[in-house]
Amino acid sequence: MAASVEHGLNNSAFIPPLESGDRLTRHEFERRYTAMPNKKAELIEGVVYVASPLRFRSHGQPHGQLITWLGVYQVFTPGLALGDNATVRLDLDNEPQPDVLLLIDKPTKEQAQISENDYVEGAPELVAEVAASNASIDLYDKKRAYRRNGVQEYIVWQTLENKLDWFCLQNGEYLLLVADANDVIKSRVFPGLWLAVTSLITGDMTKVIAVLQQGLNSKEHAEFVERLA
């Protein structure tokens with residue numbers, strides 16, 4: 001009898017590891033994720049995706065460049081918060097961990113909030129992902145989840161194809177923002193957030209920051225900062 005009781009206790013304490021393809025509730029996903037904190041995993045439309053090791057030039061370096069660009073904007077725009085690989089509780093079937101997110105961090109003005117246990121609850125205003133190609137989940141199930149939950153702008157940098165898509169939510173659909181004659185895309189949600197697209201893709205960060213500085217010096221950015229105050 002003692003052996004049987006001990007065996008039952010061991011079974012009840014066992015927490016299965018997360019495996020790609022598992023179909024879980026968000027509660028069960030978080031329970032298993034807590035037990036394996038050294039891996040990156042996401043829950044997208046109720047399905048688990050465990051990340052593979054990431055390469056430097058196709059992911060790590062572009063990720064760092066996005067952080068640099070958005071980080072400079074955040075520094076000069078009080079009232080915003082920038083996150084790197086932060087867990088986002090979108091809804092009961094989606095808990096992604098986007099490469100970069102930017103959100104308004106002011107009471108009554110934001111659409112996402114930081115929970116008591118320090119997770120992002122709701123949809124950040126902007127999410128950016130680094131994807132290998134247009135076959136990535138970032139342009140399919142994850143994009144649909146972000147759109148449905150109200151992420152206002154979504155950037156996907158497809159590094160192997162030297163392509164960057166910047167989507168803006170309009171009337172419940174994602175529409176592509178188009179670069180102007182100077183090859184610059186300007187955010188519709190964050191005034192002054194300007195991106196020299198080709199310069200980012202080719203690694204010319206000096207030009208990327210110079211163009212961003214023009215946006216930061218614009219009248220629109222000054223008015224946005226005033227509204228956030």
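Let me begin by describing the structure that accompanies this report. (Residues numbered from 1 in each chain as written. Predicted model: local features only at pLDDT ≥ 70, side-chain atom pairs only at ≥ 80, totals over all residues. Heavy atoms only, no water.)

So, the pattern of salt bridges
Here is step 1: If you walk through the whole model with that rule in mind, you get 16 salt bridges.
Here is step 2: Of the charged contacts, one joins Arg-89 and Glu-30 as a salt bridge, the two residues approaching to 2.7 Å between their closest N and O atoms. With Arg-89 in strand β4 (residues 88-89) and Glu-30 in helix α2 (residues 26-34), the pair connects residues that are 59 residues apart, well separated along the chain. An identical accessibility class is assigned to Arg-89 and Glu-30; each is buried.
Here is step 3: Between Asp-141 and Arg-144 there is a salt bridge, with the nearest N and O atoms lying 2.1 Å from each other. Here Asp-141 pairs with Arg-144, and both are found in helix α4 (residues 141-149), just three residues apart, close to one helical turn.
Here is step 4: Looking at Arg-144, the relative accessible area reads 38%, which means it is partly exposed.
Here is step 5: Salt bridges sharing common partners tie together Arg-26, Glu-30, Arg-89, Glu-95 and Glu-121. (Salt bridge = Lys/Arg side-chain N within 4 Å of Asp/Glu carboxyl O. Helix = DSSP H or I, 4+ residues; strand = E, 2+ residues; numbered from the N terminus. Buried < 20%, exposed > 50% of the residue type's maximum accessible area, 1.4 Å probe, protein only.)

Describing α2
Here is step 1: If you check which residues of α2 are buried, you get Arg-26, Glu-28, Phe-29, Glu-30, Arg-32 and Tyr-33.
Here is step 2: If you follow the buried residues of α2, they end up packed against β1 (41-44), β2 (47-50) and β4. (Contact = heavy atoms within 4.5 Å.)

Overview of the sheet that holds strand β6 (residues 112-114)
Here is step 1: Read across the open sheet, the three strands follow the order β4-β7-β6; overall the sheet is mixed. The open sheet terminates on both sides in strands that have one partner only, identified here as β4 and β6.
Here is step 2: Bridge count for β4 against strand β7 (residues 120-122) is two bridges, and the pairing is parallel. The partner of Val-88 across the bridge, within β7, is Val-120. (Pairing = 2+ DSSP bridges.)

Re the packing of aromatic side chains
Here is step 1: In this structure the tally under the stated criterion is eight aromatic pairs.
Here is step 2: Relative to Phe-190, the ring of Tyr-73 lies with its centre 6.1 Å away and its plane at 75°, an arrangement referred to as edge-to-face. One end of the pair, Tyr-73, is in helix α3 (residues 56-75); the other, Phe-190, is in the loop between β12 (184-186) and β13 (194-196), and 117 residues separate them in sequence. This pair shows no difference in class: Tyr-73 is buried, exactly as Phe-190 is.
Here is step 3: Through a chain of ring-to-ring contacts, three or more aromatic side chains come together here, namely Tyr-146, Tyr-154, Phe-167 and Tyr-174. (Phe/Tyr/Trp six-rings, centres within 6.5 Å; stacked < 30°, edge-to-face > 60°.)

Observations regarding the environment of Pro-107
Here is step 1: Locating Pro-107 in the fold gives a position in the loop between β5 (100-104) and β6.
Here is step 2: The exposure class assigned to Pro-107 is exposed, which follows from its relative accessible area of 63%.
Here is step 3: When the C-alpha positions of Pro-107 and Gly-79 are compared, they lie 9.6 Å apart, and in sequence the two are 28 residues distant.

Without other data, these values stay purely geometric and don't point to any function.
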